[in-house]
Amino acid sequence: MARVKQVEKEIEPLVNPFAAQHGQYEQLGKYHEARNVQVNRGGTAIERWLNEKDGVFGDNEKIAIRYCQALWQRIDKKGPREDGIRVYGRYLWVGQSEHEALGELARLSKDFPTRYWSIYEDVCRFHSSAADAGVLMAKNSRSASDAARACTQVVAAHVAIRMGL
C-alpha cells in the first residue's frame, strides 16, 4: 500500500511584513472565522485618530465624521444596482438619495471657509495623509499634520452640533 505523504504547508502570515510595518493590525476575534481576520486600525490618518484611545475626538465628533462619510459614500456609489431592478423604467439608484446627500453636504459646508471644509473632506473622504491635507494651513509637515487634525476636529464638532448631538 502506498502511503499518502502529508506535506506540511508553510503557513503564510495574514499580513505581509511590509504592510505590517505601515499599519496597526489587530486580531478581529478569538473564535471561528474571526481568528483568521486582522483589521488595520491605523491605515489612514482619520482611522488612526478615530481609533485612538482617549483621543481628541469625542463620541459626537466620531458620529459626525461617520455621518459625512456615509453621505459621501452615497454620492460616490454611482451605477446600476447589482440586481438590476427597475421601477417605472428607472433604476432605483437614480434619484433622491444622491440629491439628498448633496443637499445635506452643501448645508453643512456653507458655515466654513472653503479651506477648512477642503481639509476636512481631504482627510475624511479621500483619506489623504494629514501632512498633505494640512499643507494649505502650514509649511512644514508636522505643523501641517497638526493643522489638519485641528481643522478636522473643529469641523466635526460643528457638524455634530448641526446634527443635534
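Residues numbered from 1 in each chain as written. Predicted model: local features only at pLDDT ≥ 70, side-chain atom pairs only at ≥ 80, totals over all residues. Heavy atoms only, no water.

S.K.: Hey, could you go over the packing of aromatic side chains for me, with residue numbers and the actual values?
M.R.: Taken as a whole and assessed by the stated rule, the structure comprises five aromatic pairs. For the ring pair Trp72 and Trp117, a centre distance of 6.2 Å and an interplane angle of 55° mean the geometry is tilted. Taken together, the residues span a long stretch of sequence, with Trp72 in helix α3 (residues 59-76) and Trp117 in helix α5 (residues 114-124) at a distance of 45 residues. Exposure remark for Trp72: the relative accessible area of 3% places this residue in the buried category. A relative accessible area of 9% places Trp117 in the buried class. Geometrically, the ring pair formed by Trp117 and Tyr120 is tilted, given 5.1 Å between the ring centres and 45° between the ring planes. Of this pair, Trp117 and Tyr120 both sit in helix α5, separated by three residues, roughly a single helical turn. Note on accessibility: Trp117 and Tyr120 belong to one class, buried. Three or more aromatic residues joined by ring pairs form one cluster here, namely Trp72, Phe112, Trp117 and Tyr120. (Phe/Tyr/Trp six-rings, centres within 6.5 Å; stacked < 30°, edge-to-face > 60°. Helix = DSSP H or I, 4+ residues; strand = E, 2+ residues; numbered from the N terminus. Buried < 20%, exposed > 50% of the residue type's maximum accessible area, 1.4 Å probe, protein only.)

S.K.: Which residues make up a nonpolar patch on the surface, and what are the values?
M.R.: Taken together, the side chains of Val135, Leu136 and Met137 define a hydrophobic patch exposed on the protein surface, amounting to about 250 Å² of accessible area. Along the chain, Val135 falls in the loop between α6 (130-133) and α7 (141-163). (Patch = residues over 30% accessible without salt bridge, like charges linked within 9 Å, V, L, I, M, F, W, Y side chains within 5 Å. Areas by Shrake-Rupley, 256 points an atom, 1.4 Å probe, with all protein chains shown as cover. Salt bridge = Lys/Arg side-chain N within 4 Å of Asp/Glu carboxyl O.)

S.K.: If you had to explain α3 to someone new, which residues and values would you point to?
M.R.: Taking 1.5 Å of rise per residue, the 18 residues of α3 would be expected to cover 26 Å, and the 26 Å separating its terminal C-alpha atoms lies within 8% of that figure. Within the sequence span of α3, burial applies to Glu61, Ala64, Ile65, Cys68, Gln69, Leu71, Trp72 and Ile75. With its buried residues spanning 160° around the axis, α3 presents them on a single face. (Expected span 1.5 Å × (residues − 1). Arc of directions from axis to C-beta.)

S.K.: Describe the environment of Glu61, naming the residues involved and giving the relevant values.
M.R.: Mapped onto the fold, Glu61 is located in helix α3. Note: C-alpha distance between Glu61 and Ile161 (100 residues apart in sequence) is 9.1 Å. Residues in contact with Glu61, not counting those within four places in the same chain, are Gln153, Ala156, Ala157 and Ala160. (Contact = heavy atoms within 4.5 Å.)

S.K.: Explain the state of the cysteines to me, and be specific about the residues and the numbers.
M.R.: Within this structure, the stated rule accounts for zero disulfides. With no disulfide of its own, Cys124 has Cys68 as its nearest cysteine by sulfur position, at a separation of 7.3 Å. Residue Cys124 is classed as buried on the basis of its relative accessible area of 1%. (Disulfide = S-S within 2.5 Å.)

S.K.: Go over the packing of α3 against α5 with me, naming the residues and quoting the values.
M.R.: Where α3 contacts α5, the two axes come as close as 11 Å, and the packing angle between them is 80°. Looking at the two axes, α3 sits roughly perpendicular to α5. Of α5, the residues touching α3 (which contributes Ala64, Ile65, Cys68, Gln69 and Trp72) are Trp117, Tyr120, Glu121 and Cys124. (Axes fitted to C-alpha atoms, helices over the stretch in contact; angles between N-to-C directions. Parallel < 35°, antiparallel > 145°, perpendicular 65-115°, else oblique.)

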